[in-house]
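This is what each chain is made of:
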Amino acid sequence: MDNGYSWNGKDKVYNPFSILNFFSKKRFSNYWYRTATPSFLKDKIVAKNNIKPILENIEVNVDVLDSSDPLNVGELPLLFQTGYLTIKKAEIKKGMDHFILAIPNLEVKKSLFENLLKSYTDRTLEKIHQMKMKIIQQLENSDEEGLRENINFLLSNIQYKIHGKDERYYHSIFLVWLQTMGFNIEAIHITNIGEIDSIIAIKEKTIIIEIKYSKTKKEEDLKKAIKKAFTQIHNKKYFEKYLKRKNISLLAIAFNRKEVLCEFKEI
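So, here is what we can say about the structure in this document.

Analysis parameters
Residue numbers run consecutively from 1 along every chain, following the written order of its sequence. Restriction of local features to residues with pLDDT of at least 70 applies here, the model being predicted, together with a cutoff of 80 or more for giving and counting side-chain atom pairs; totals for whole chains, interfaces and linings are based on all residues. Where side-chain values are given, they derive from all heavy atoms of the structure, hydrogens and water being excluded. Grouping buried Ala, Val, Leu, Ile, Met, Phe, Trp, Tyr and Cys residues that are joined through side-chain atoms within 4.5 Å yields what is termed a nonpolar core. Note on classification: 1.4 Å probe, protein chains only; a residue is buried when its accessible area is under 20% of the maximum for its type, exposed when over 50%, partly exposed between these limits. Numbering goes from the N terminus for both helices and strands, where a helix is a DSSP run of H or I of at least four residues and a strand is a run of E of at least two. Contacts: residue pairs with any heavy atoms within 4.5 Å of one another. Throughout, an axis means a line fitted to C-alpha atoms (over the contacting stretch in the case of helices), and angles, computed between N-to-C directions, take values from 0 to 180 degrees. Under this scheme an angle from 65 to 115 degrees is roughly perpendicular, one under 35 degrees roughly parallel, and one over 145 degrees roughly antiparallel; angles in between are oblique. When the near helix sits turned anticlockwise from the far one by under a right angle, the crossing is termed left-handed; a clockwise turn instead gives a right-handed crossing. Only Asp, Glu, Lys and Arg are considered charged, only Ala, Val, Leu, Ile, Met, Phe, Trp, Tyr, Cys and Pro nonpolar, and every remaining residue, Gly among them, polar.

## Some points on the nonpolar core
Consideration 1: Among the nonpolar cores identified, the biggest contains 52 residues, and L139, W177, F183 and I253 are the most heavily contacted of them.
Consideration 2: No other element matches the eight residues that helix α10 (residues 167-180) contributes to this core.
Consideration 3: If near-sequence neighbours (up to four positions away) are discounted, F183 is found in contact with K132, I135, I136, L139, L178, I200 and I202.
Consideration 4: Counting residues in each nonpolar core, the second largest holds 16 residues, with I196, I199, F230 and Y242 among its members.

## Some points on the packing of helix α9 (residues 144-156) against α10
Consideration 1: α10 packs onto α9 with a crossing angle of 110° between their chain directions and a minimal axis gap of 12 Å. Relative to α10, the element α9 is oriented roughly perpendicular. Judged by the sense of rotation from one axis to the other, the crossing of α9 with α10 is right-handed. Residue-level inspection shows N150, I151, L154 and L155 of α9 in contact with α10, the latter providing Y170, I173, F174 and W177.

## Some points on the packing of helix α8 (residues 132-140) against α9
Consideration 1: In the contact formed by α8 and α9, the axes pass within 8 Å of each other and the chain directions differ by 140°. Considering their axes alone, α8 and α9 lie oblique with respect to each other. Note on packing geometry: the crossing formed by α8 with α9 is left-handed. Touching K134, I135, Q138 and L139 of α8 are G146, L147 and N150, all from α9.
Consideration 2: In terms of residue class, the contact of α8 with α9 is built from three nonpolar, three polar and one charged.

## Examining unusual backbone geometry
Consideration 1: Positive phi, normally seen in glycine, also occurs at K26, with a value near 60°.
Consideration 2: In this fold, K26 is placed in the loop between α1 (16-25) and α2 (39-48).
Consideration 3: Overall, the relative accessible area of 69% leaves K26 in the exposed class.
Consideration 4: Here K237, not a glycine, exhibits a phi torsion of approximately 55°, which is positive.
Consideration 5: Mapped onto the elements, K237 comes out in the loop between α11 (219-235) and β7 (247-255).
Consideration 6: You can call K237 partly exposed: its relative accessible area is 43%.

Take a look at the structure:
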């Protein structure tokens, strides 16, 4: 079973805290969530706005994980040492141990993303989960205005002290938000000529997303950013490998520090 923690990519062990709670309470639940995510880990991820290691499998060599300086530990060793990443595969390359790291299971993934979203906003998860069905409908129906309102809701609740001023920051928040609500996300998908920001699969619909950031608060600049996003999608042919699918949409999202603009286009 491809689940649980591993120190060598072969042998796996499950979280004893979760197992003991399962036998004690005789029901499945997200017991990992109750152990709480270390605040210093959340702060480090939010400060760096680097969520790539928790969105996709990542390859590292053994030196990256062997961090002995507690005052200067990187995100990857920290995620690994706190149990949010585990070794999925181990192999030797050029005489050195290499590992493929990934989140161990759905329980850990859900806990991590929920805690990150709490760090980004001051809203309860219950409030945010209430929007999930609405957002599914908005994505399925290409409802630009409804989606814009919900993303603006998210932006309005981001703590002022961590507001970012670049595209990666808003890309990270958007992906954390969607992951927390349980959407099937492919993040930063690499093609032969570029990188797709993210892909959402909803039933039979595939949505290719490109996110842009405007440094000004002018609406016309948001519109220019939307146009730039679609131009990039078409120039780099991000949709080409998905043409065999029945229902494909393109979604451009443009952020500034206070507003967001969304626009759909069908293939």
